Amino acid sequence: MADIIYEVELIGFDETKERKARGDMTVEERIGAADRRKMDGNSLFKEEKLEEAMQQYEMAIAYLGDDFMFQLFGKYRDMALAVKNPCHLNMAACLIKLKRYDDAIAQCGIVLVEDENNVKALFRRGKARAELGQTDAAREDFLKARKYAPEDKAIARELNLLAEHDKAVYQKQKELYKGLFGPRPDPKPKSKNWLILAWQLLLSLFYRLFKFERQKAD
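About the criteria used
- Residues numbered from 1 in each chain as written.
- Predicted model: local features only at pLDDT ≥ 70, side-chain atom pairs only at ≥ 80, totals over all residues.
- Heavy atoms only, no water.
- Patch = residues over 30% accessible without salt bridge, like charges linked within 9 Å, V, L, I, M, F, W, Y side chains within 5 Å.
- Areas by Shrake-Rupley, 256 points an atom, 1.4 Å probe, with all protein chains shown as cover.
- Salt bridge = Lys/Arg side-chain N within 4 Å of Asp/Glu carboxyl O.
- Helix = DSSP H or I, 4+ residues; strand = E, 2+ residues; numbered from the N terminus.
- Polar contact = N/O pair within 3.5 Å; in protein donor to acceptor, adjacent residues only side chain to side chain.
- Contact = heavy atoms within 4.5 Å.
- Phe/Tyr/Trp six-rings, centres within 6.5 Å; stacked < 30°, edge-to-face > 60°.
- Buried < 20%, exposed > 50% of the residue type's maximum accessible area, 1.4 Å probe, protein only.
- Lys NZ or Arg CZ within 6 Å of the ring centre and 35° of its normal.

Here the focus is a nonpolar patch on the surface. Among the surface-exposed residues, Leu201, Leu202 and Leu205 lie close enough to one another that they form a single nonpolar patch of about 280 Å² accessible area. Residue placement: Leu201 occurs in helix H9 (residues 193-217).

Below, the structure written as structure tokens:
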């Protein structure tokens, strides 16, 4: 999935001032501090240190809290979102690996509030929903993501997996309904003892008739 690259220019930022309180930082300083936390988180993610990576992403997001974002407009808001949104998306990636799917969905939702057509947010939310068995909602996310990234192979693969899942479910239901409502098995043939009884009765009648005729003749 192709990444969108943002260039963030931090004017007059001195890294040595990062240790001061967030409230005392300039906009550029806070965005820069958040960006470094994000990069640290990315390094930990590549090493599969997911919990540690999430801690860095959470710290990055803390620099860009709601109160701070509310004050930003124009290019500064774009600069902040270019750092904040990837942190939420990377958090979602960690949470999916940790099988914390509801939390992953929540992280993607935060991004989609700002950018309803964000392909990565739609894709990762779809992944989490699919893992939870929410196949219809997952398909909706994947289809919307494909609308904005029609050549993306990962999206196509997930849609194919959902189609295979639906086919398997259909086959199971078909077998179940066949067993419940299908033709009844042929009844077992009834015992043929009545034929023997009828034959014995017939022989008895013939014997009595023969005996009667013989007595009559005598």
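Within the secondary structure, Asp141 is located in helix H7 (residues 135-148). At 2.9 Å, the side chain of Asp141 and the side chain of Arg129 are in polar contact. Ignoring anything within four residues of it in the chain, the contact list for Asp141 reads Leu122, Arg125, Gly126 and Arg129.

This brings us to the packing of aromatic side chains. Enumeration according to the criterion identifies one aromatic pair in this entry. On the basis of an interplanar angle of 55 degrees and a centroid distance of 5.7 Å, the ring pair of Phe123 and Phe142 is categorised as tilted. On the criterion of sequence distance, the pair formed by Phe123 in helix H6 (residues 119-131) and Phe142 in helix H7 is long-range, its members being 19 residues apart. For the pair Phe123 and Phe142, one class covers both residues: buried. Above the plane of the ring of Tyr63 lies Arg22, whose end atom (NZ or CZ) is 5.5 Å from the centre.

Function cannot be read off these values alone, since they describe shape.
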